[in-house]
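Given next are the chains, with one letter for each unit.
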Amino acid sequence: MNTIKYLALSVALAFSGQALADAADGLPHVKVSLVAPPQVHAHEQVAPKEPRVVQFRLVIEEKKMVIDDQGTTLQAMTFNGSMPGPTMVVHEGDYVELTLVNPATNTMPHNIDLHAATGALGGAALTLVSPGQEAVLRFKADRAGTFVYHCAPEGMVAWHVLAGMSGTLMVLPREGLKDPAGNPLHYDRAYTIGEFDLYIPKDKDGKFKDYSTLLDSYADTRETMRGLIPSHVVFNGRVGALTGKNALKANVGESVLLIGGYGSNEHGLQDAGGNVWEWTDTCFSGSGGDLCNIRIAAGRHPSVLSDFERNPTSGACSVGLPPTHLGLRLVREG
């Protein structure tokens, strides 16, 4: 029998969970049927007059996935079976009500950290569910933007994210998107693109290894991740996911909104919080600095670098694994 946790998380800490529940219970409730990327579920671009409680359901699926035309496999962990997980769309001022399901057929505990929410690690501290459990989380989307969500179990964030557990929550302004001059922007299609750095271990002959279970893959995958050299850099979970017959299509004259895309840019490394870091030859490791727990979703170098000592003036050093001597400088705050 499933164990169900019902949780209410307010991004405005002045409100109690009960007050939040009372405020949301009287609003219209809308149940959304999610779709796998690159598609995005049907949604209104301009919000109705009254805020709503928008209900989503994410089912965690641990499964073996083929990631290229050579048959290379990944023991993946996913939201709703896709890499990235489904994009969820709400409007500023709406309440997000998310049911997170971890079926009994899975082997690992999981949770969800939503960067659109604040408090309790974006919900991660309230949603840790073992196989056979589910949790319901509610919070108010009080700022517009496009935010990553990802699994964040303590001590295993990098492995779970690299194995597929990330996605996007888009919070649209209530009046819809506008250009810099304040004119309304309408899009005819929306697609989700997510970059993944995959670390598939090789055997002594240089061939990619295949594992029968998720747990069997852990030790070798963790060691491969420590090398910081991905075996595959892919979009939407596999080689060719967005090319050829899978290419994103639009008609001439249509406006297309592309959502997502995590990783490095011309300055260096961009983490899931939007902060841009630059690789440096020197390393700041003084005591007494603020610790910033940055969880990196994807990118060319990164995901296993989970904790940084942060100093925008002098730079930063990783204080977790690996490696402890790697130097980074904060270029732009997200």
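Residues numbered from 1 in each chain as written. Predicted model: local features only at pLDDT ≥ 70, side-chain atom pairs only at ≥ 80, totals over all residues. Heavy atoms only, no water.

(A) Looking closely at the confidence of the model for the protein chain. Per-chain confidence: the protein chain averages 78 in pLDDT, with 71% of residues scoring 70 or above. Counting interchain partners and residues more than four positions distant, the pLDDT-below-50 stretch residues 5-17 has 39 contacts. Taken together, the stretch residues 263-334 has pLDDT below 50 and engages in 167 contacts with residues farther than four places along the chain or on a different chain. (pLDDT = per-residue confidence, 0-100. Contact = heavy atoms within 4.5 Å.)

(B) Region of interest: the pairing of strand 10 (residues 166-172). For strand 10, the buried fraction is high: 7 of the 7 residues fall into the buried class. Of the two faces of strand 10, both are covered, the one formed by Ser166, Thr168, Met170 and Leu172 as well as the one formed by Gly167, Leu169 and Val171. With 4 bridges joining them, strand 5 (residues 88-91) and strand 10 adopt parallel strand pairing. Following the sheet pairing, valine 90 is matched in strand 10 by valine 171. (Buried < 20%, exposed > 50% of the residue type's maximum accessible area, 1.4 Å probe, protein only. Helix = DSSP H or I, 4+ residues; strand = E, 2+ residues; numbered from the N terminus. Pairing = 2+ DSSP bridges.)

(C) Representation of the packing of aromatic side chains in the model. Tallied over the full model, the rule gives 2 aromatic pairs. With centroids separated by 5.3 Å and ring planes inclined at 75°, the aromatic side chains of phenylalanine 79 and tyrosine 149 adopt a geometry described as edge-to-face. Here tyrosine 149 lies in strand 9 (residues 145-150) and phenylalanine 79 lies in strand 4 (residues 73-79), a separation of 70 residues in the sequence. Each member of the pair, phenylalanine 79 as well as tyrosine 149, carries the same accessibility label: buried. (Phe/Tyr/Trp six-rings, centres within 6.5 Å; stacked < 30°, edge-to-face > 60°.)

(D) Representation of helix 3 (residues 214-226) in the model. With 13 residues, helix 3 ought to run about 18 Å at 1.5 Å a step, and its terminal C-alpha atoms sit 18 Å apart, in line with that. The largest bend along helix 3 measures about 35° and falls at aspartate 220. Buried within helix 3 are the following residues: Leu214, Ser217, Thr221 and Met225. Positive phi shows up at leucine 228, right after helix 3, with a value of about 60°. (Expected span 1.5 Å × (residues − 1). Bend = angle between axes of the 7 residues up to and from the residue.)

(E) The environment of tyrosine 211, seen in detail. Residue placement: tyrosine 211 occurs in the loop between strand 12 (195-198) and helix 3. Given the relative accessible area of 11%, tyrosine 211 is considered buried. The sequence separation of tyrosine 211 and lysine 64 amounts to 147 residues, and the corresponding C-alpha distance is 8.5 Å.

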